2 protein chains.
Amino acid sequence: MRSLPNLDSLSLTELVAQMLVVRASGYLFDHQILYPSWEPTTDKLKRLVELGVGGAILLGGSAAEIALKTQQLQSWATIPLLIAADIEEGVGQRFAGATWFPPPMAIGAIASHNLSLAQTYAAQMGAVTAQEALAIGINWVLAPVVDVNNNPDNPVINVRSFGDNPAIVSQLASAYIQGAKSYPVLTAAKHFPGHGDTAADSHLDLPVIPHSPARLAEIELPPFQAAIAAGVDAVMSAHLLIPSWDAEHPATLSSHILTQQLRQNMGFEGLIVTDALVMGAIANRYGANEAPVLAVEAGADILLMPVDPEGAIQAVCTAVETGRISKERIRASVERIWKAKLQVSGENREQGAGTSWEQGRKTRERGETGETRERGRQGRQGRGGDRGDKGEGGDKGTRETRETGETGETRETIFELAKPEAFAVVNEILSASQVVGGNVPLMPVMPAQSASESQNLRNLIVVDELLGCDFLHRKAPAIALPTLHGYTTQLCDRHTPVVFETDDDCPTLLQLFIRGNPFRGSAGIAQVGQVWVKKLLASGNLQALVVYGSPYVLQQLLPMLPSIPYAFSYGQMPTAQAVSLSALFARSI
Amino acid sequence: MRSLPNLDSLSLTELVAQMLVVRASGYLFDHQILYPSWEPTTDKLKRLVELGVGGAILLGGSAAEIALKTQQLQSWATIPLLIAADIEEGVGQRFAGATWFPPPMAIGAIASHNLSLAQTYAAQMGAVTAQEALAIGINWVLAPVVDVNNNPDNPVINVRSFGDNPAIVSQLASAYIQGAKSYPVLTAAKHFPGHGDTAADSHLDLPVIPHSPARLAEIELPPFQAAIAAGVDAVMSAHLLIPSWDAEHPATLSSHILTQQLRQNMGFEGLIVTDALVMGAIANRYGANEAPVLAVEAGADILLMPVDPEGAIQAVCTAVETGRISKERIRASVERIWKAKLQVSGENREQGAGTSWEQGRKTRERGETGETRERGRQGRQGRGGDRGDKGEGGDKGTRETRETGETGETRETIFELAKPEAFAVVNEILSASQVVGGNVPLMPVMPAQSASESQNLRNLIVVDELLGCDFLHRKAPAIALPTLHGYTTQLCDRHTPVVFETDDDCPTLLQLFIRGNPFRGSAGIAQVGQVWVKKLLASGNLQALVVYGSPYVLQQLLPMLPSIPYAFSYGQMPTAQAVSLSALFARSI
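Since the model is a prediction, treat every value here as computed from it, not as a measurement.

Turning next to the overall build of chain A. In terms of helices and strands, chain A carries 22 helices and 14 strands. Taking all 589 residues of chain A together, the buried fraction comes to 63%. The contacts of chain A with a sequence gap of at least 6 include a subset with a gap of at least 24, amounting to 78%.

We now examine the environment of Leu58 of chain A. Residue and element names in this part refer to chain A. Tracing the backbone through its elements, the reader meets Leu58 in strand 2 (residues 55–59). C-alpha separation for the pair Leu58 and Val22, spaced 36 residues apart in sequence, amounts to 8.7 Å. Those residues in contact with Leu58 that sit more than four places away from it in its chain are Ala24, Ser25, Gly26, Ile66, Lys69, Thr70, Leu73, Ile83, Ala84, Ala85 and Phe95.

What follows concerns the interface of chain A and chain B. Every contact between the two is made by 46 residues of chain A and, on the other side, 45 residues of chain B. Taken together, the two surfaces of chain A and chain B that pack against each other cover about 3900 Å², and 66% of this comes from carbon and sulfur. The largest per-residue losses of area from chain A upon contact with chain B belong to Phe29, Phe415 and Leu467 of chain A, which jointly make up 17% of the total buried on that side. Run the count over chain A and chain B and you get two salt bridges. Linking Glu465 of chain A and Arg474 of chain B is a salt bridge whose minimum nitrogen-to-oxygen distance equals 2.9 Å. Within the residue set of the side of chain A that touches chain B, elements represented by two or more residues are helix 2 (42–51), helix 3 (63–76), helix 15 (357–381) and strand 11 (487–492) of chain A. Residue composition of the side of chain A that touches chain B, grouped by class: 21 nonpolar, 13 polar and twelve charged.

Before going further, it helps to examine the pairing of strand 2 (residues 55–59) of chain B. Residues and elements named next belong to chain B. In terms of residue burial, strand 2 counts as a mostly covered element, since four of its five residues are buried. Across five bridges, the pairing between strand 1 (residues 20–25) and strand 2 is parallel. Following the sheet pairing, Arg23 is matched in strand 2 by Ile57. For the crossover from strand 1 across helix 2 (residues 42–51) to strand 2, the handedness is right-handed.

Take chain A, turn it by 180 degrees, move it 0.0 Å along the axis, and it overlays chain B with an RMSD of 0.0 Å. Classification of the inter-copy transformation places it as that of a two-fold axis. For chain A, the smallest separation between a C-alpha atom and the rotation axis is recorded for Ala64 of chain A, amounting to 2.8 Å. A high fraction, 98%, of the interface residues of chain A reappear at the interface in chain B, so the copies pair face to face through one surface.

Before going further, it helps to examine helix 11 (residues 290–298) of chain A. All names here are of chain A. Of all nine residues that make up helix 11, seven are buried, and the element is covered over most of its length. Looking only at helix 11, the buried set comprises Ala291, Pro292, Val293, Leu294, Ala295, Val296 and Ala298. Structurally, helix 11 contributes buried residues whose contacts are with helix 9 (255–265), helix 10 (280–283), strand 8 (303–304), helix 12 (309–321) and helix 13 (327–343).

Looking now at empty space enclosed by the protein. Applying the stated criterion across every chain yields a total of 13 cavities of 30 Å³ or more. One number sums up the size of the second largest cavity: a volume of about 90 Å³. Leu466, Gln490, Leu491 and Thr496 of chain A together with Leu466, Leu491, Asp493, His495, Thr496 and Pro497 of chain B together form the lining of the second largest cavity. Its residues placed into classes, the lining of the second largest cavity shows five nonpolar, four polar and one charged.

Once that is clear, we can look at the confidence of the model for chain A. Residues and elements named next belong to chain A. Taken as a whole, chain A shows an average pLDDT of 86; of its residues, 82% reach a score of 70 or greater. Across residues 348–356, confidence stays below pLDDT 50; counting only partners more than four residues off in sequence or on other chains, it has 16 contacts. Counting contacts from residues 447–454, a segment whose pLDDT is below 50, to residues more than four positions away or on other chains yields six contacts. Under the prediction, the complex receives an ipTM of 0.88, its pTM being 0.89.

As a further point, take the sheet that holds strand 11 (residues 487–492) of chain B. All names here are of chain B. The strand order across the open sheet built from six strands is 9-14-13-12-10-11, with neighbouring strands paired in mixed fashion. Only two strands of the sheet have a single neighbouring strand rather than two, namely strand 9 (435–437) and strand 11. Between one strand axis and the next, the sheet turns through 15 degrees on average, direction left out of account. One ladder, built from seven bridges, connects strand 12 (residues 508–514) with strand 13 (residues 542–549); its direction is parallel. From the neighbouring strand, Leu509 faces strand 13, where its bridge partner is Ala544.

Right, let's talk about the packing of helix 2 of chain B against helix 3 (residues 63–76) of chain B for a bit. Residues and elements named next belong to chain B. For the pair helix 2 and helix 3, interaxial distance at closest approach is 8 Å and the crossing angle is 45 degrees. Between helix 2 and helix 3, the interaxial angle falls into the category oblique. Each of Thr42, Leu45, Lys46, Val49 and Glu50 in helix 2 lies in contact with helix 3, whose residues at this interface are Lys69, Gln72, Leu73 and Trp76. A breakdown of the residues in the contact of helix 2 with helix 3 according to their chemical character gives four nonpolar, two polar and three charged.

Two faces make up the sheet, and in a regular strand the side chains alternate between them. Residue and element names in this part refer to chain A. Of the two faces of strand 3 (residues 82–85), the one holding Leu82 and Ala84 and the one holding Ile83 and Ala85 are both buried throughout. Pairing analysis gives three bridges linking strand 2 to strand 3, with the strands arranged parallel. Bridge pairing links Ile57 to Ala84 in strand 3. As for the winding sense of the linkage, the β-α-β connection from strand 2 through helix 3 to strand 3 is right-handed. As defined by bridge partners, strand 3 adjoins strand 4 (residues 140–141) across two bridges and the pair is classed as parallel. Bridging across to strand 4, Ala85 finds its partner in Val141.

Moving on to the sheet that holds strand 2 of chain B. Two strands in a sheet stick together by hydrogen bonds in their backbones, pointing the same way (parallel) or opposite ways (antiparallel). Residue and element names in this part refer to chain B. Spatially, the five strands line up as an open sheet ordered 4-3-2-1-8, and their pairing is parallel. The open sheet has two edge strands with one neighbour each: strand 4 (140–141) and strand 8 (303–304). Packing against the sheet, helix 3 makes contact with strand 1, strand 2 and strand 3 (82–85), and its axis sits at approximately 160 degrees to strand 2.

Residues and elements named next belong to chain A. The full count for this structure, using the stated rule, is 34 salt bridges over all chains. The partner of Asp8 in a salt bridge is Arg331, with the nearest N and O atoms 2.5 Å apart. Placement of Asp8 in the segment before helix 1 (12–17) and of Arg331 in helix 13 is noted, with a sequence separation of 323 residues between them. Look at Asp8 and you get exposed, because its relative accessible area is 58%. Given the relative accessible area of 29%, Arg331 is considered partly exposed. A salt bridge links Glu88 to Lys190, with the shortest nitrogen-to-oxygen separation between them at 2.8 Å. Of this pair, Glu88 sits in the loop between strand 3 and helix 4 (91–94) while Lys190 sits in strand 5 (residues 188–192), and the two are 102 residues apart along the sequence. With relative accessibility at 4%, the residue Glu88 sits in the buried group. Several salt bridges converge on common partners, so that one network encompasses Asp86, Glu88, Arg160 and Lys190.

Procedures and definitions
- Residues numbered from 1 in each chain as written.
- Chains lettered and ligands numbered in written order.
- Predicted model: local features only at pLDDT ≥ 70, side-chain atom pairs only at ≥ 80, totals over all residues.
- Heavy atoms only, no water.
- Helix = DSSP H or I, 4+ residues; strand = E, 2+ residues; numbered from the N terminus.
- Buried < 20%, exposed > 50% of the residue type's maximum accessible area, 1.4 Å probe, protein only.
- Contact = heavy atoms within 4.5 Å.
- Buried area = accessible area lost by both parts, 1.4 Å probe.
- Salt bridge = Lys/Arg side-chain N within 4 Å of Asp/Glu carboxyl O.
- Nonpolar A, V, L, I, M, F, W, Y, C, P; charged D, E, K, R; others polar.
- Pairing = 2+ DSSP bridges.
- Right-handed = clockwise from strand over helix to strand, strands pointing away.
- Least-squares fit on C-alpha atoms with pLDDT ≥ 70 in both.
- 1 Å grid on protein atoms, 1.4 Å probe; cavity = no way out; pocket = protein on both sides within 12 Å on 5 of 7 lines; lining within 4 Å.
- Points joined across faces, edges and corners; volume = space filled by probe spheres on them.
- pLDDT = per-residue confidence, 0-100.
- Axes fitted to C-alpha atoms, helices over the stretch in contact; angles between N-to-C directions.
- Parallel < 35°, antiparallel > 145°, perpendicular 65-115°, else oblique.

So, in structure tokens, the structure goes:
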């Protein structure tokens, strides 16, 4: 990795540019850009990188595309870039091919009966995410979410949080950070000072948190304190108004909140990063180029996704030249950025903390299940397994193997994603957090071999959006497993008119894929799902229900389901489907 | 590129292994494999490559994934691999990110009124496909289809053919091959001796072509002769029974057809490759390991996708050891394979034919529209544009630029996909081949700004399969453009029950995405589409119709549409949607 230039050699514009992290499509080609007003073309992006922005945040694309895109971005940069992504649920949540974890609240659910197991999972999730992020060139994991989700109507945090208990959120967030920090990657605790207790969506408008400082100190702040103690590299501000702290400015733009509370009172010395400045709560209320100036004044080191990056740089420079912001303020931010960049540089990698998550896992497994299980896994592992073996000699062994690789070339690191060990962790979290109830197992109405005789079993799947749905395909368990049992699949999304056919009268397995805050009024998929549940209950045709995503939806529906078999999973990915349906169908599949 | 070993140094098993091209998923990770019975895991695939198979055919994955996968495959191989793909309609047809062309029949339609323009397009399509294939490590383009599609009920060839006229198919196939051969890539004319005149699908069963040798010589064979004359590298056999030539064996397994007709009578000296041996017509009728032996006996050099690669190698070796097949027969095939591999090796690349398609294009454009248009394009081109500029000095200049690149590293070549010049060719082919009729332009019922006032315009889209649909997303023109005009989109596929709501009575823009042979009986999407057309015509609500894909569907529907505006495009990709809807909506969008 190239070394960082001396700060004194940079102009004001160059210093300010380093404070920006701009949005970039993870796809490689301009014709794949889906949001042209937010995502710059390749030419524009290259110009911004050459101008010296500090980093990029990637959205869209597969893991393979990200691996190539990050190489391209770094090749344009004179000063190595921070490359960030919102991979709160593993790299596979955003970038297909990598490991996709269930949402953090799944681990929170495990913590309520086994805290130490949940901490292990949180640490493994942090470690796998960090390892896979680095493997494709992402050096800044914008996680963990440390918000305490104590408002079930929260449309934006919800299952992204570890739960509603500040102590558990603190412990799991700390474990996650420690896991992630076993790799030379940056983390970010978000969204300061706590986005859990609101029913408004800051993507659209500015939520208000009406609590007193005492209440904040009791519920919202402890997880941030814990994250700081665990060594989190960055804290992301929330676009929230907290009148008891600052009646005028949202946290992102509040000097009292970012500098006095976070930097001074809580003693946070790392990077303060704004949440995306393009979001409605900020973009609609402050000028595109005034918001960045206010954020820097407030104490932000990193301006994330400003509406107009070049305009933002110029506006901040003007504010310095006119004396509104001191040059020292800029310099202090860039010094923190330098420190962060050094931490993810190759040189630092050699001195990495060195705790391999795989190593820990292997030891634990052997203790639990002995050599037999270990050998069984080896058979499926191939290359990954070989490396694991070498690592048994100790932490150092694993790390060396990872770094030298077979040919020593960067492009090979992508093949270190989605290892069987990582999938095993996902499976365990899903199994340990799933809910099953009613008269299970649901005995299949007929054996699979006579499936063709029946046209009368319906597998009704409701998702938010069928087009581009990243967890369903014809071979996915939610479709393939019921098909084996003779079900015919019917799909609908929030755009599908809810129409009842007259010959609709058949036993139905209803699978609802619902996240966020769905049972709040009349909008979209939630209503479609609710309407179907009521109609199927009324006709006596609701044979079984599976909810994937929101535990709040399950809680809404449970009182209606006296003895009907049901399953709930926090995850929506194929692994979650397999786990839930196996539990439902007599585990015979 | 590594050099090829002396043939004498290889064992019989190693020689036979080189005759296999095995299937591989284009995705990078085992958990992404959708067809586990056909696609080997990474471990299995590595073992096959280490065993020395001659090549792999890739299905699935994006262009980025293919770029990484081909590097991985070659890194495992001692002898460089042939890496093939069915990219008949451009690399983007199979691998997202690259340029996606309309089906060849679009160019055939242009040929009926402007043969020379059509030949230019065919050559450009061949050149772009070859350039993009090489950029991601594919060195064997399994195209062009040279079948003469003179049977509208043909379920498998259809719009993949250049048309029903042997002379035009010959000329366009030759142009395509010449275009492709300006890059060091292999081509394949398929499916010998001609798959155009059948209504059976060889994926399922064995079609019979009942024609006399005289008729074959008149219709089916001329395009193959033309392709051979144009220097095609391989000819792919069809799984067809042609009783007048061989009453017993399908072409793929017929010595008379492959050796006597193709090799001897037609004088083809290149690679004879079977169509996929896993296909029903072969796999269901011959033993998994007997079919490969029969194919080699018949004269095939390459066994494509055998059911059981290791079993196939062993069976062919046994056939040699027992005297059923001579060792010279094997050796002759591997010599041809060596010749082909030399042709795509780095060494040969230096001596490549050197005609840059971009260069030809630039010259033509300048003649047509002068410098202004050229400059306009430069603005959007960036890096691609720079390279084009350098190339203006002559063919050699372009080629050098392409090979040295900015850093000289292979991974950079992927960014040479999907250039604006390539997209311009796609656009021109789509525009020149589209059909528009009825009372066009359809005047928008209301201006875009008052869209919210209307809930009464419906945009009804029918596709084969919504899940994983690769040409539709919420921002695609088929949805986005009607939305601008106040339409509400409703999607259905062949799994959606056709249900008529009572309040269904609104003006409807019907968009049918249909390829293959859809109006033949009761199956799937075709019926859904037909039912909708009839119902909307009966209620007087069919405001306009767009058909994407099959011109035969259009021909079926045209008599029903007296003055209703309609458009037809051979393509289904977003560019096709934009072209067709612009023609329909007053070109005002």
